[in-house]
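Residue strings, one per chain:
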Amino acid sequence: MASSTQGRTGGGGVIRTTLKWVFRGVLLVALIVTLALLFVFRGALYNRFVAFPQQEAAWKTIRQNRIPVPFLTKWKEYKGAIHNHSEISHDSEVPFEHILKTMKDTGRDFIIMSDHCQEGDNNLYGLQWKGLHEGVLFIQGFETQAGFMPVGLPEGTVLSCEEDPEILAGKLEEAGGTVFIIHAEQKRPWHLSQISAMEIYNIHPDFMEELKGKRLLRLVTNVLVNLRAYPDHCFRLSFDPPVKVLNTWDDLNISRDIGGFGGNDTHQNVGVYGIYQADGSLRLRHAEGKDIKTYPLNFLTRGLLRLFCGPLEPGKEAFRLQIDPYERMTRHVCTHVLANDLTEEEILGAIMDGRAFVGFDMIADSSGFVWMAKGPSGQAVMGESIPLSPGLKLVGAAPHVCRFIVKRHGQEVYRSEGASMEFVPDQPGKYRVEAELRILDEWVPWVYANPVEITAAGG
């Protein structure tokens, strides 16, 4: 009897010991996985609990301390979004009604479209909205080869997507239009005289850089951890100053007059969404309009979907994970234009002349920013010219305290901090200014203004 009891006890002891070590092994694996996840997500977690809350507080403080700008010009200021896509493009689903609502919600006065050119000869300029719609000016434009964004063309213009750039530029000129260049970070036919303006910033090359190496990991982890709580700050992670494009612009403007504008490149196509189906399944779609897969749902998964996404209605979106909604892309960067009236002719003319500045208004509204030359003979705003003379000064003013950096032909000649600045130029040239905001001990680009040209005395 004793021997039998000892055998049973010994067997139970082995089982208990085995279970103990299995439990310890599971805990060890869980600990290792947890530590690994903490290591991988350490940057995103730091942003979630430290960096982004501090940035948000800094942005809020800047916005609350807006300063009246003391200088006035004869022009009216209009705010717009340039380089935007709609459901006409193959990689966007956004209808014009939604675009109009976004422009009104974000306080934009005009929008210049740039839907992707379609194959063959197309009556492209009959597809988009045109003119004023509920106070918002829609200007037609398309994205064609060689980075062309033809604008200013009459209704009913037919274009060929495969046309040689030089031939196309000639046809556009004959039709009364002009060429704006987009994606200026790529190789472009800069020698063409029909080019009148160019994109000096575009979010797309920034975002593409995020898809490489460690930056991709940073993007993914921050989207997972921070997109819901801090969407704007998460989006701004991809921003890099467009140094190469600005250098190209400066070099071109030494001998030419090419206006600079900001490119929103809005598609609303970086994301996924799910549509609940009448048969109880979930259809997963890419945000640019392509089906990914349809997943059958059971009692448990359908319940979880309701728990996290709310009531399910057949044919309606159950959820959407969207990095680049139209509204956020529009707020990210804004082109401020100085013109007489809100008409297509006035807005395009101002951009071509360079009476514009680019503001990263997601951080703080740059409306009212001034960059001009003042002297005894009068004044000239960006995009205008004035002769060098005794008493002539370059003047900058901003609605927020910032750092002004003055550049002549791309070379820095002066910098100062404050809400306004003055600089006395001693030689002719094209002088532009950049403004930066101080955020958490770092100077962050905020405004890129077109140059004022100072001509030789008596010129």
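Remember, predicted model here, so these are calculated numbers, not experimental data. (Residues numbered from 1 in each chain as written. Predicted model: local features only at pLDDT ≥ 70, side-chain atom pairs only at ≥ 80, totals over all residues. Heavy atoms only, no water.)

Kindly report on the sheet that holds strand β14 (residues 282-286), identifying the contributing residues and their values.
Taken in spatial order, the four strands line up as β15-β14-β13-β16 in an open sheet, and their pairing is antiparallel. Both edges of this open sheet fall to β15 (291-295) and β16 (317-322), since each of them pairs with a single strand only. Within this sheet the neighbouring strands show an average axis-to-axis angle of 15 degrees, counted without direction. In the packing of helix α9 (residues 299-309) onto the sheet, contacts are made with β13 (271-276), β14 and β16, and the angle to β16 comes to roughly 60 degrees. (Pairing = 2+ DSSP bridges. Helix = DSSP H or I, 4+ residues; strand = E, 2+ residues; numbered from the N terminus. Axes fitted to C-alpha atoms, helices over the stretch in contact; angles between N-to-C directions. Contact = heavy atoms within 4.5 Å.)

Which residues make up the nonpolar core, and what are the values?
Membership of the largest hydrophobic core comes to 87 residues, with the highest contact counts inside it found for I99, M198, F369 and W371. Broken down by element, the residue count for this core peaks at six residues, all from strand β22 (residues 393-408). If near-sequence neighbours (up to four positions away) are discounted, M198 is found in contact with I181, A184, W190, V245, W249, L252, I258, G259, G260 and F261. I112, M149, I347 and A356 belong to the second largest nonpolar core, which has 20 residues in total. (Core = buried A, V, L, I, M, F, W, Y, C linked by side-chain atoms within 4.5 Å. Buried < 20%, exposed > 50% of the residue type's maximum accessible area, 1.4 Å probe, protein only.)

Any chance you could break down helix α3 (residues 96-105) for me, citing the residues and the numbers?
Within the span of α3, buried status applies to F96, I99, L100, T102 and M103. Axial view of α3: buried residues confined to an arc of 160 degrees, hence all on one face. Exposed residues pointing more than 90 degrees away from the buried face of α3 are listed as E97 and D105. Phi turns positive one or two residues past the end of α3, at G107, with a value near 75 degrees. (Arc of directions from axis to C-beta.)

Can you explain the packing of aromatic side chains? Please cite residues and give values.
Across all of its chains, the model carries 14 aromatic pairs by this definition. Taken together, a centroid distance of 5.9 Å and an interplanar angle of 85 degrees make the contact between F360 and Y448 edge-to-face. Here Y448 lies in strand β25 (residues 442-449) and F360 lies in the loop between β18 (356-359) and β19 (370-375), a separation of 88 residues in the sequence. Per residue, the accessibility class of F360 equals that of Y448, and both read buried. In this structure an aromatic cluster arises from ring pairing among Y201, F239, F360 and Y448. Here R42 stacks its cationic end above the ring of F39, 4.0 Å away from the centre of that ring. Directly above the ring of F239 sits R236, whose terminal nitrogen or CZ lies 4.5 Å from the centroid. (Phe/Tyr/Trp six-rings, centres within 6.5 Å; stacked < 30°, edge-to-face > 60°. Lys NZ or Arg CZ within 6 Å of the ring centre and 35° of its normal.)

Outline the side chain of D206, listing residues and values.
Tracing the chain through its elements places D206 in helix α5 (residues 203-209). Lacking a salt bridge, the buried D206 has R215 as its closest oppositely charged neighbour, with an N-O distance of 6.3 Å. At 3.1 Å, the side chain of D206 forms a polar contact with the backbone nitrogen of D240. With near-sequence residues (within four places) excluded, D206 lies in contact with Y201, S238, F239 and D240. (Lys, Arg positive; Asp, Glu negative; His and termini not counted. Salt bridge = Lys/Arg side-chain N within 4 Å of Asp/Glu carboxyl O. Polar contact = N/O pair within 3.5 Å; in protein donor to acceptor, adjacent residues only side chain to side chain.)

Got a sec to walk through the packing of helix α2 (residues 42-64) against helix α6 (residues 213-226)? Specific residues and values, please.
At a closest axis distance of 8 Å, the pairing of α2 and α6 adopts a crossing angle of 55 degrees. When the interaxial angle is binned, α2 and α6 end up oblique. Where α2 crosses over α6, the two elements pack in a sense that is right-handed. Within the contact between the two elements, α2 uses A44, L45, N47, R48 and F52 and α6 uses T221, N222, V225 and N226. Per-class residue counts for the contact of α2 with α6 are four nonpolar, four polar and one charged. (Parallel < 35°, antiparallel > 145°, perpendicular 65-115°, else oblique. Left-handed = near helix turned anticlockwise from the far one by under 90°. Nonpolar A, V, L, I, M, F, W, Y, C, P; charged D, E, K, R; others polar.)

These values are about where atoms sit, not about what they do.
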